[in-house]
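Listed here are the chains, written in short residue letters.
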Amino acid sequence: RFYHSHFAPTFLEKPEGGVPRPPLVADWVPFVGNALSMTRGDAFWAGVIRRYGPVVRVRAMGEVRTFVTTPGLISYVYKNSRNFDFLHFRRSMSSQIFGQNANHAQSDAMDAIIFPGHHKNMQPGSIADLIRKYADHLEGGLKQAVEAVGDEGKVVDLGDHMFDILYESSAKAFFTPSFPAAAFKPSFMAFDAAFPLLNLAALPAIARRPAEKARDEALRIIEEWWVDISDEDRQQLAPSMLGMVEASEAEGWPLRDIAAFFLSEIWALEANAPYAGIWAVVELLRNPSALTRLRTEITDVIATLSPPTLSTLLHKPQPELPGLLPYTNAVFQETLRYHVDTLSLRVVQSDCVIPPNLLSGGIGAETGLRLHKGEQVICATRVPMVNEEEWGADAGKWNPERFMKGGAAGRSMNPFGGGVSMCEGRHFASAEILTFIAAFTHLFDADILSDTMKANPQRIGLGVQQPMGGVTRI
Ligand code: HEM
């Protein structure tokens, strides 16, 4: 039962030295494997874990990968970064997905200068000025939006409307107002839609071509802007971005590599945080009592500030915001718990055995499970975040109350991943989203005309779920 795949008997395996391999989840369709079943999301994982146990191998789109699904197993993989390597994958992403020259992507400069520099430049001490710039652009963008809506109100697609405000404010903060953020948006969206295809190393070249075309167009626009940027604007780039530009120039790398770094930065910036802001506001609109409580918190806090304005609140330093706005922070945390779906990838460096004490049930509970060198291991971080044993019977509902008064302490929460690949943008993202929720709900009323918003099931494991559908009057 545990060793067969309906389709490929070559996967019939015997335990090695008495230690079995993780069970291979059955599939029927060559190459595609379980890719379609995985679009069932939480229901797919619940069924698989019930049937096979907490560590499974799944075939999807030409690759077989091993998934770990409990807090203990995920932390085991994150903590053993020597044997579960991430850096090779990060370097490969730079070329395979973002278009950097493959030799440069695998060069020593990436590990020695570029990655550590980026990490340092995204720490709280380095991003205070960036957050201030973001708050300025957010205020400006919201003022314009308030004027455009007027006293009469306006029917808008709320998701699109909020995305534009978050996208433009954060892009201007990172890349200066000289960056043609609005004109670039269609190319960004096309690249983002192509991302899952670019991510599939096993895909035949011909099937990758349309995705590569979308990427090339995005890189072309970035290059056109970059060659004419003024010295003054260049110095105003986000420290993380300027660091990558200077390191590339010192290495003598061409314009295309610099553009690829811009593309990776703008993707990290815009492919997650705006959607977290959108989900938070939509969930508040779906839960009027939570919205009322949040608005009261914002109004009360503003009254204590000097001067007592929304602008003062938006410009508060990031570390102060969660303490100042505990309920807004609970809304943010619960939105991440409920709407983040991340699959964190590692590559096994030498054969090893997952210890049996980490396997609560299923095959290998007494012997452990054998992993092979070169095998790809994925931490399915969403599984514990929506698990009833972990979070209680209402784990499948959005309820910010669970994050008040330490109610979430000790429970499994990895929306920003973990270990060596933990999100470097989490401090910026936290300020960006908290201030956006505060400002948007303080300034706008919204009536829902129709609510068809749900997570796009085709988008698997890339961070905050992407919303689709939904029209609202504001
Ligand atoms: C709510 C918003 C965000 C969420 C949920 C999120 C989530 C994540 C996750 C889960 C990872 C790890 C992926 C893995 O382990 O494979 C990650 C990595 C990363 N994130 Fe974020 N992210 C967010 C916002 C941002 C922002 C605003 C930036 C800023 C540019 C950013 C920059 C990065 C970078 C550079 C990495 C790579 C870290 C590394 O490879 O070592 N993220 N993010």
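Predicted, not measured: the structure shown is a model, and the values here were computed from it.

K.L.:
Honestly, the environment of Val340 in this entry has me stumped. Any pointers?
P.N.:
Within the secondary structure, Val340 is located in strand β5 (residues 340–348). Exposure remark for Val340: the relative accessible area of 2% places this residue in the buried category. Those residues within four positions of Val340 in sequence are excluded, and the remaining contacts are Thr335, Arg382, Met385, Pro415, Gly463 and Val464.

K.L.:
Before we go on, may I ask you to explain the pairing of strand β1 (residues 55–60) in this structure?
P.N.:
On any regular strand, side chains alternate: one points to one face of the sheet, the next to the other face. Of all six residues in β1, six are buried; the element is thus mostly enclosed. Taking every second residue as pointing to the same face, both faces of β1 are buried, with Val55, Arg57 and Arg59 on one and Val56, Val58 and Ala60 on the other. As defined by bridge partners, β1 adjoins strand β2 (residues 63–68) across six bridges and the pair is classed as antiparallel. Looking at β2, one finds that Arg57 is bridged to Thr66. From the end of β1 to the start of β2, which pair antiparallel, there are two residues, and Met61 there has a positive phi angle of about 45°.

K.L.:
Help me understand the site of the ligand, please; the structure alone is not making it clear to me.
P.N.:
Near the ligand there are 24 residues, and of these Phe86, Arg90, Ser344, Ser421 and Cys423 occur at the shortest range. In this structure, an oxygen atom belonging to the ligand sits 3.1 Å away from a side-chain N or O atom of Arg90. Between an oxygen atom of the ligand and a side-chain N or O atom of Ser344, the distance comes to 2.5 Å. For the shell around the ligand, the secondary-structure elements that each account for two or more residues are α13 (255–270), α14 (273–286), β5 and α21 (426–443). Taken together, the residues of the shell around the ligand break down into 15 nonpolar, seven polar and two charged.

K.L.:
Could you clarify how one ought to interpret helix α18 (residues 326–339) in this entry?
P.N.:
Because the α-helix completes a turn every 3.6 residues, residues three or four places apart line up on one side. Between the first and last C-alpha of α18 there are 20 Å, a value that for 14 residues agrees with the 20 Å anticipated at 1.5 Å per step. Across the 14 residues that make up α18, a large majority, eleven, are buried. Every buried residue of α18 is accounted for by Tyr327, Thr328, Asn329, Ala330, Val331, Phe332, Glu334, Thr335, Leu336, Arg337 and His339.

K.L.:
What's the story with the environment of Glu334 in this structure? I'm lost.
P.N.:
Here Glu334 shows up in helix α18. A relative accessible area of 0% means that Glu334 is categorised as buried. C-alpha of Glu334 to C-alpha of Ala431: the two residues are 97 residues apart in sequence and 16 Å apart in space. Once you skip the residues sitting within four places of it in the chain, Glu334 turns out to touch Lys397, Trp398, Asn399, Pro400, Arg402 and Phe403. Among the polar contacts listed, one links the side chain of Glu334 to the side chain of Arg402, at a separation of 3.0 Å.

K.L.:
Looking at this structure, how should I read the packing of α14 against α21?
P.N.:
Angle between the axes and distance between the axes are the two parameters that describe a pair of packed helices. Packing of α14 against α21 brings their axes to within 9 Å, and their N-to-C directions diverge by 35°. Regarding α14 and α21, the two cross each other, and that crossing is right-handed. Between α14 and α21, the contacting residues are Ala273, Ala276, Gly277, Ala280, Val281 and Leu284 on the first element and Ala429, Glu432, Ile433, Phe436, Ile437, Phe440 and Thr441 on the second. Looking at the contact of α14 with α21 residue by residue, the classes come out as ten nonpolar, two polar and one charged.

K.L.:
Please explain the pattern of salt bridges as it appears in this structure.
P.N.:
Side chains that differ in sign of charge can pair as their charged atoms come close. Tallying each qualifying case throughout the model produces 28 salt bridges. Note that Arg459 and Asp192 form a salt bridge whose closest N and O atoms lie 2.7 Å from each other. Of this pair, Arg459 sits in the loop between β10 (454–455) and β11 (462–464) while Asp192 sits in helix α9 (residues 181–198), and the two are 267 residues apart along the sequence. Judged by relative accessible area, Asp192 falls into the buried class, the value being 2%. Between Arg256 and Glu223 there is a salt bridge whose closest N-O contact spans 2.7 Å. With Arg256 in helix α13 and Glu223 in helix α10 (residues 205–227), this residue pair connects regions lying 33 residues apart in the sequence. Taking the relative accessible area as the measure of exposure, Glu223 reaches 15% and is therefore buried. Three or more residues joined by partner-sharing salt bridges are found here, namely Asp129, Arg132, Lys133 and Asp136.

K.L.:
Teacher, can you tell me more about the coordination of the iron atom of the ligand here?
P.N.:
The reference angle at a metal is 109.5 degrees if four donors form a tetrahedron and 90 or 180 degrees if six donors form an octahedron. In this structure the iron atom of the ligand is ligated by exactly one protein donor, Cys423 (SG), at 2.3 Å. Mapping Cys423 onto the fold places it in the loop between α20 (388–391) and α21.

Criteria and cut-off values
- Residues numbered from 1 in each chain as written.
- Predicted model: local features only at pLDDT ≥ 70, side-chain atom pairs only at ≥ 80, totals over all residues.
- Heavy atoms only, no water.
- Helix = DSSP H or I, 4+ residues; strand = E, 2+ residues; numbered from the N terminus.
- Buried < 20%, exposed > 50% of the residue type's maximum accessible area, 1.4 Å probe, protein only.
- Contact = heavy atoms within 4.5 Å.
- Pairing = 2+ DSSP bridges.
- Near = heavy atom within 4 Å.
- Polar contact = N/O pair within 3.5 Å; in protein donor to acceptor, adjacent residues only side chain to side chain.
- Nonpolar A, V, L, I, M, F, W, Y, C, P; charged D, E, K, R; others polar.
- Expected span 1.5 Å × (residues − 1).
- Axes fitted to C-alpha atoms, helices over the stretch in contact; angles between N-to-C directions.
- Left-handed = near helix turned anticlockwise from the far one by under 90°.
- Salt bridge = Lys/Arg side-chain N within 4 Å of Asp/Glu carboxyl O.
- Donors = N, O, S within 2.8 Å, 3.2 Å for Na, K, Ca; no water.

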